[in-house]
Amino acid sequence: MSNLLGRPSRRGFLKGTAAGTAFAAIGTSVKAEQPLPPLEEYTPSYLTEAEYTFIMAACGRLIPSEGNGPGALETRVPVFIDLQLAGDFGAGADWYMEGPHDPSANPLLGYQTPLTPAEIYRKAIPLFQDWCQKTHAHTFENLDAQTQDAALTSLQNGDVGLPDDVRDFFSLLLQNTKEGYFADPMYGGNYGMQAWTFIGFPGARAAYTEWVPHFDHAYPLSAVSISGERA
């Protein structure tokens, strides 16, 4: 997969994508109940055990734990994805989902599948797992890291042969992973505001007026979430 996070340009990539994903697609999404249990003890609201196992493994490669900053697992991105799929986002509640649909249409024409985001995950994950089993002799979570990266690259490039109605699964998974990494912790991801702290984003502070003249000084205060939680 091109430009996998975890390479030398990782921090720059994360800073460059943060602005576009920190608050994207979250408007009426499910908020996490606090406090959350440890990641390995979390009980998914939407995803099945097998689906959640895949999401854990896939997120762990999209934003790996190795590197200078926290990975997707440290920031509990899989929890974010599960909660969003269980809520309005997963149901496409505020999307226009009426026909006509043409899943084979040019992707530049916008969202064309009749499936909701949650339905895309549910249909695409077993298809991709079957491909991994046939191609690499194991399901995704049982592959080594290098082979997992190669499998995700094939998924990204359209080499897996997914049906048209779920062909955008990789793009959706990657987008949701970045959203979970940078979103406010109240939505289940960005645990402890680790991602914000890593890139120097101060969070939902009300005003920065007094700091406008101090362009040559680092902002000294820690990140704060919408709920008032501080890093």
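For the structure itself, consult the block above.
Here goes a summary of the coordinates provided. Worth saying up front: this structure is predicted, and the values here are computed from it rather than measured.

The secondary structure content of the chain amounts to 8 helices and 0 strands. In the chain, the order of α-helices and β-strands from amino to carboxyl end is α-α-α-α-α-α-α-α. Counting the 231 residues in the chain, one finds 47% classified as buried. Considering only contacts in the chain between residues 6 or more positions apart, those separated by 24 or more positions represent 68%.

What follows is about the layout of surface pockets. Here the largest pocket is characterised by a volume of approximately 230 Å³. For the largest pocket, the lining is made up of 13 residues, of which Gly200, Phe201, Pro202, Tyr219 and Leu221 are closest to its centre. Partitioned by chemical class, the residues of the lining of the largest pocket number 10 nonpolar, 3 polar and no charged.

In this section: the pattern of salt bridges. Following the criterion strictly, the structure yields 5 salt bridges and no others. The closest approach of N and O atoms between Glu51 and Arg122, which form a salt bridge, is 2.6 Å. You can see Glu51 sitting in helix 2 (residues 49-62) and its partner Arg122 sitting in helix 5 (residues 117-136), a full 71 residues away along the chain. Glu51 sits in the buried class, given a relative accessible area of 6%.

A few words on unusual backbone geometry. Cis geometry marks the peptide bond from Gly99 to Pro100, where omega comes out at 5°. Mapped onto the secondary structure, Pro100 falls in the loop between helix 4 (88-91) and helix 5. One non-glycine residue, Asn190, adopts positive backbone phi at about 45°. Relative to the helices and strands, Asn190 is located in the loop between helix 7 (169-182) and helix 8 (194-199).

Grouped together as the largest cluster of nonpolar side chains are 48 residues, with contacts concentrated most on Phe128, Phe140 and Phe169. Going through the elements one at a time, helix 2, helix 3 (77-86), helix 5, helix 6 (145-157), helix 7 and helix 8 are the ones with two or more residues in this core. Per element, the largest residue contribution to this core is 8 residues, and it comes from helix 5. If near-sequence neighbours (up to four positions away) are discounted, Phe169 is found in contact with Phe54, Ile120, Tyr121, Ala124, Ile125, Leu155 and Leu162.

Time to look at the packing of helix 2 against helix 7. One can describe the packing of helix 2 onto helix 7 by two numbers: an axis separation of 10 Å at closest approach and a directional angle of 75°. It follows that helix 2 is roughly perpendicular to helix 7 by the angle criterion. Each of Phe54, Ile55, Ala58, Cys59 and Leu62 in helix 2 lies in contact with helix 7, whose residues at this interface are Phe169, Phe170, Leu173, Leu174 and Thr177. Along the lines of polarity and charge, the residues of the contact of helix 2 with helix 7 split into 9 nonpolar, 1 polar and no charged.

So, on to empty space enclosed by the protein. Under the definition given, this model contains 1 cavity of 30 Å³ or more. By volume, the largest cavity amounts to about 50 Å³. Lining of the largest cavity is provided by Pro103, Gly110, Tyr111, Gln112, Thr113, Asp164, Arg167 and Asp168. Of the residues assigned to the lining of the largest cavity, the class counts are 2 nonpolar, 3 polar and 3 charged.

Reading the values: the criteria
- Residues numbered from 1 in each chain as written.
- Predicted model: local features only at pLDDT ≥ 70, side-chain atom pairs only at ≥ 80, totals over all residues.
- Heavy atoms only, no water.
- Helix = DSSP H or I, 4+ residues; strand = E, 2+ residues; numbered from the N terminus.
- Buried < 20%, exposed > 50% of the residue type's maximum accessible area, 1.4 Å probe, protein only.
- Contact = heavy atoms within 4.5 Å.
- 1 Å grid on protein atoms, 1.4 Å probe; cavity = no way out; pocket = protein on both sides within 12 Å on 5 of 7 lines; lining within 4 Å.
- Points joined across faces, edges and corners; volume = space filled by probe spheres on them.
- Nonpolar A, V, L, I, M, F, W, Y, C, P; charged D, E, K, R; others polar.
- Salt bridge = Lys/Arg side-chain N within 4 Å of Asp/Glu carboxyl O.
- Core = buried A, V, L, I, M, F, W, Y, C linked by side-chain atoms within 4.5 Å.
- Axes fitted to C-alpha atoms, helices over the stretch in contact; angles between N-to-C directions.
- Parallel < 35°, antiparallel > 145°, perpendicular 65-115°, else oblique.

Structural measurements only, silent on function.
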